[in-house]
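A look at the structure
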Amino acid sequence: MIDTHQLKKRDLYLNKILAFQDTEPVKVVTGIRRCGKSSLLKLMTLHLKENGIAEDQILEMNFESYAFKNMNSDSFYQYVREHIIPNKRMYLFFDEVQRVPKWEDAINSFRVDFNCDIYVTGSNAYMLSSEYATYLSGRCVEIKMLPLSFSEFLAFYDFEIKETKSALGGTRKQVFDQTGEHYELREVFDAYMRHIDFRVGWYRALREKGERAQTEEYCYAEAEKEFREEIQKNMEYAKKINNEFAIKIFQYIFRILEGNYSREEIDNQRETPFILP
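As the structure is a computational prediction, the values presented were derived from the model and not from experiment. (Residues numbered from 1 in each chain as written. Predicted model: local features only at pLDDT ≥ 70, side-chain atom pairs only at ≥ 80, totals over all residues. Heavy atoms only, no water.)

**Some details on the packing of aromatic side chains**
Under the defined criterion, the tally for this structure stands at 19 aromatic pairs. An aromatic cluster of at least three residues, connected via ring pairs, comprises Phe-63, Phe-68, Phe-76, Tyr-77, Tyr-79, Phe-94, Phe-110 and Phe-114. The ring of Tyr-119 carries the charged tip of Lys-27 above its face, separated from the ring centre by 5.0 Å. Across from the ring centre of Phe-176, 5.2 Å away, lies the NZ or CZ of Lys-162, which sits over that ring. (Phe/Tyr/Trp six-rings, centres within 6.5 Å; stacked < 30°, edge-to-face > 60°. Lys NZ or Arg CZ within 6 Å of the ring centre and 35° of its normal.)

Given below as structure tokens:
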């Protein structure tokens, strides 16, 4: 298995963010929860250090940390100002910055007041891409992240797909690891789907917690609870749709993801018709 504590390079996105290094726009990394936004910022800080940027020129703030829980735009600005080193280029990394009230006021001030290069992450659950551009007066560039792709999964595990001869004289594709062990392509793809699926991902994480999480029933119950909490959190922020109805819609769509579905079929998931905006 992949070491969950070891950063794995995602060159596709790292190269995108490197293309805008030391340019004026704020670099905004967006994507769904748990797609790797925070890890991408860490990869960027490692790249800077490997290329001669001193640690004291790099400031990282993760606003999911309790240490920054009660920050507002004023205290945010003051904290960064205290860490600015005069006459040096600063690299500022802010994870989940939208948790700070009026965060955009502080970010816009940093661009004006300090010699700095700014990188932020934001979840699509909290804000639309267009809203970031509005808040930052259009002075931003967006790097959109997606969850791990199958090709990235193969690279992370050092797998290689090769064509082999079948018993009937034809060819088929199999997956080989570094030791020469081979697996059926479907088997590896199923492993990939389990790896990226967020509900199974929670299940796997729970299994790693220890004695309390040793049964599949417990793990899936916890995964279901987290699923509901995520939907509720997102809906409360958007304030656009009833929480329980949202859960029903997501569960329904997940069940029929491989098929076709219509508005009428979704309407049947509730007692009153669902009116689209």
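Read on, since the account is not over.
**Some details on the sheet that holds strand β5 (residues 140-144)**
Ordered in space as β2-β3-β4-β1-β5, the five strands form an open sheet in which the pairing is parallel. Two strands lie at the open edges of the sheet, namely β2 (58-62) and β5, each paired on one side alone. Across the sheet, the mean angle separating the axes of adjacent strands is 15° when strand polarity is ignored. The pairing of strand β3 (residues 90-95) with strand β4 (residues 116-123) spans five bridges and is parallel. (Pairing = 2+ DSSP bridges. Helix = DSSP H or I, 4+ residues; strand = E, 2+ residues; numbered from the N terminus. Axes fitted to C-alpha atoms, helices over the stretch in contact; angles between N-to-C directions.)

**A short note on the pattern of salt bridges**
In total, this model carries eight salt bridges according to the counting rule given. Where Glu-152 meets Arg-10, a salt bridge forms, and the shortest distance between an N and an O atom there is 2.9 Å. Of this pair, Glu-152 sits in helix α6 (residues 150-156) while Arg-10 sits in the segment before α1 (11-18), placing them 142 residues apart in sequence. Across the pair, exposure class does not vary: Glu-152 and Arg-10 are buried alike. Here Arg-139 makes a salt bridge to Glu-24, at a shortest N to O gap of 3.9 Å. With Arg-139 in the loop between α5 (129-135) and β5 and Glu-24 in the loop between α1 and β1 (26-31), this residue pair connects regions lying 115 residues apart in the sequence. The class of Arg-139 is partly exposed, set by a relative accessible area of 39%. (Salt bridge = Lys/Arg side-chain N within 4 Å of Asp/Glu carboxyl O. Buried < 20%, exposed > 50% of the residue type's maximum accessible area, 1.4 Å probe, protein only.)

**Regarding the packing of α1 against helix α2 (residues 37-50)**
Close contact between α1 and α2 brings their axes to 10 Å; oriented N to C, the two are set at 60°. Classified by the interaxial angle, the pair formed by α1 and α2 is oblique. Handedness of the crossing formed by α1 with α2: right-handed. In this structure, α1 uses Tyr-13, Leu-14, Ile-17 and Leu-18 to contact α2, whose residues at the interface are Leu-40, Leu-43, Met-44 and His-47. (Parallel < 35°, antiparallel > 145°, perpendicular 65-115°, else oblique. Left-handed = near helix turned anticlockwise from the far one by under 90°. Contact = heavy atoms within 4.5 Å.)

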